[in-house]
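Structural characterization, general
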Amino acid sequence: MNKRSVVALRNCLKDLLVALVCTLSGCLWSVIGIQCLQATHFPNFRVMDFVLYAWFSIIGYAWTGLVMYSLGVYSAAWLMRQFYPRRKPGFGPSFLVLSGGFGLILGCLLQWTWQKPTTYLVWHICSWGIVGSSLAIWATCQSKNFMIGRRQLRLRIDVPLLLMLSVFCLTYTGFPGANATPQVREQWGLEHPSGMYGGVSTFKGCKPIVDRVGNIQFVAPTEGPNFYASDYGSNHGEGEVTLEVVGSRGTGIANYKHSGWGVSLSPGSSNVSFTYQGKTENISCHS
């Protein structure tokens, strides 16, 4: 084997290492992103019909996984690029993001097309997508290029910002956050997801809660499941609400579900899981 072949093989192995590291980084970031969505009960703080709720969930998780995968590829490629000689052409992290995302989508689509419906498995489809992404990144690494400094800096800033902005726009609901004051959260709940919150009136007739927290001052949405999905044609709906109940003697967290006919999420006909002073119990708020 001559010297030129040895150099070519060495460069090929280096590019393969870049592809594998970028792919693993992308997978890690993607898992973290999806777990964050699950932790925030996405899609949360929304009122929509069943079909829209299902599609919004699928698109939200798929897009977030793709974006976080791309950010993982980008971060790993950028770090590894720092170890390459500055005066020699090398791979551009932004181009690896594009090729990696394209390979991921193409691999998933091909496997989904070939796979029989009875053997449909998400992890199986994703594994083919990861293989396709790795091959696409490796192929892109083979095409070395010089990048002008200003253009390189612009791409380094613009690509991650655009990806993060897309996820922010997808998941943004306007909810002020669990750390906001009860007054602010209660007001937001009264103004936004219609039919989900009723403020102080929600539990004013619930004697078990009033006996524990005293005179109710604020009833505000807080972190936890807060959604409502319905079939507008039949008026059937399902939802779940998590509320912070602030009273004159203390504060508790109420959670209750709705499943049946009607669009009201009132706890009047539901069993409420109420947490007060570290103790959780099921109570009835029949009016």
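Report follows, based on the coordinates. (Residues numbered from 1 in each chain as written. Predicted model: local features only at pLDDT ≥ 70, side-chain atom pairs only at ≥ 80, totals over all residues. Heavy atoms only, no water.)

**Here we look at the overall build of the protein chain**
Assigned secondary structure in the protein chain consists of 7 helices and 7 strands. The linear arrangement of helices and strands in the protein chain, starting from the amino end, is α-β-α-α-α-α-α-α-β-β-β-β-β-β. Sequence-distant contacts, at least 24 apart, represent 63% of the contacts inside the protein chain between residues at least 6 apart. Working note: accessible area of the protein chain is about 16,400 Å², and carbon and sulfur atoms make up 65% of it. (Helix = DSSP H or I, 4+ residues; strand = E, 2+ residues; numbered from the N terminus. Contact = heavy atoms within 4.5 Å. Areas by Shrake-Rupley, 256 points an atom, 1.4 Å probe, with all protein chains shown as cover.)

**Some details on a nonpolar patch on the surface**
Residues Val51, Trp55, Ile58, Ile59 and Trp63 make up a contiguous nonpolar surface patch of about 540 Å² in total accessible area. With respect to the secondary-structure elements, Trp63 resides in helix H2 (residues 50-81). (Patch = residues over 30% accessible without salt bridge, like charges linked within 9 Å, V, L, I, M, F, W, Y side chains within 5 Å. Salt bridge = Lys/Arg side-chain N within 4 Å of Asp/Glu carboxyl O.)

**Regarding helix H3 (residues 93-114)**
In this model H3 runs 31 Å from its N-terminal to its C-terminal C-alpha over 22 residues, within 8% of the 32 Å that 1.5 Å per residue would give. Buried residues of H3: Pro93, Ser94, Leu96, Val97, Ser99, Gly100, Gly101, Gly103, Leu104, Gly107, Cys108 and Gln111, and no others. (Expected span 1.5 Å × (residues − 1). Buried < 20%, exposed > 50% of the residue type's maximum accessible area, 1.4 Å probe, protein only.)

**Some words on the packing of aromatic side chains**
Using the criterion set out here, one finds 9 aromatic pairs in the structure. Measuring from ring centre to ring centre gives 4.1 Å for Phe45 and Phe175, while their planes differ by 15 degrees; the resulting arrangement is stacked. Taken together, the positions of Phe45 in the loop between helix H1 (3-39) and strand S1 (46-49) and Phe175 in the loop between helix H5 (149-171) and helix H6 (182-191) put the pair 130 residues apart, joining distant regions of the chain. By relative accessible area, which is 18% here, Phe175 ends up buried. Cluster of aromatic residues (ring-pair linked, three or more members): Phe42, Phe56 and Tyr61. (Phe/Tyr/Trp six-rings, centres within 6.5 Å; stacked < 30°, edge-to-face > 60°.)

**Comments concerning the pattern of salt bridges**
Overall, the coordinates contain 3 salt bridges when judged by the stated rule. For the salt bridge of Glu244 with Arg185, the shortest nitrogen-to-oxygen distance reads 2.5 Å. Here Glu244, found in strand S4 (residues 236-247), pairs with Arg185, found in helix H6; they are 59 residues apart in sequence, far enough to count as distant. Among the residues examined, Glu244 registers a relative accessible area of 16% and is labelled buried. For Arg185, a relative accessible area of 2% corresponds to the buried category. In this structure, the salt-bridge partner of Arg212 is Glu281, at a minimum N-O distance of 2.9 Å.

**A look at the nonpolar core**
Counting residues in each nonpolar core, the largest one holds 25 residues, and the members touching the most others are Val18, Cys22, Val73, Phe91, Leu96, Ile137 and Cys141. Where this core is concerned, the elements lending two or more residues are H1, H2, H3, helix H4 (122-142) and H5. The element best represented in this core is H2, accounting for 10 residues. Residues Val213, Ile216, Val272 and Tyr276 belong to the second largest nonpolar core, which totals 22 residues. (Core = buried A, V, L, I, M, F, W, Y, C linked by side-chain atoms within 4.5 Å.)

**Overview of unusual backbone geometry**
In this structure, the amide linkage connecting Phe42 to the following residue, Pro43, adopts the cis form with an omega of 0 degrees. Inspection of the secondary structure assignment puts Pro43 in the loop between H1 and S1. The residue His41 is not glycine, and still its phi comes out positive at about 60 degrees. Along the polypeptide, His41 turns up in the loop between H1 and S1. Assessed through its relative accessible area of 32%, His41 is described here as partly exposed. You will see that Phe45, though not glycine, has its phi angle at about 55 degrees, which is positive.

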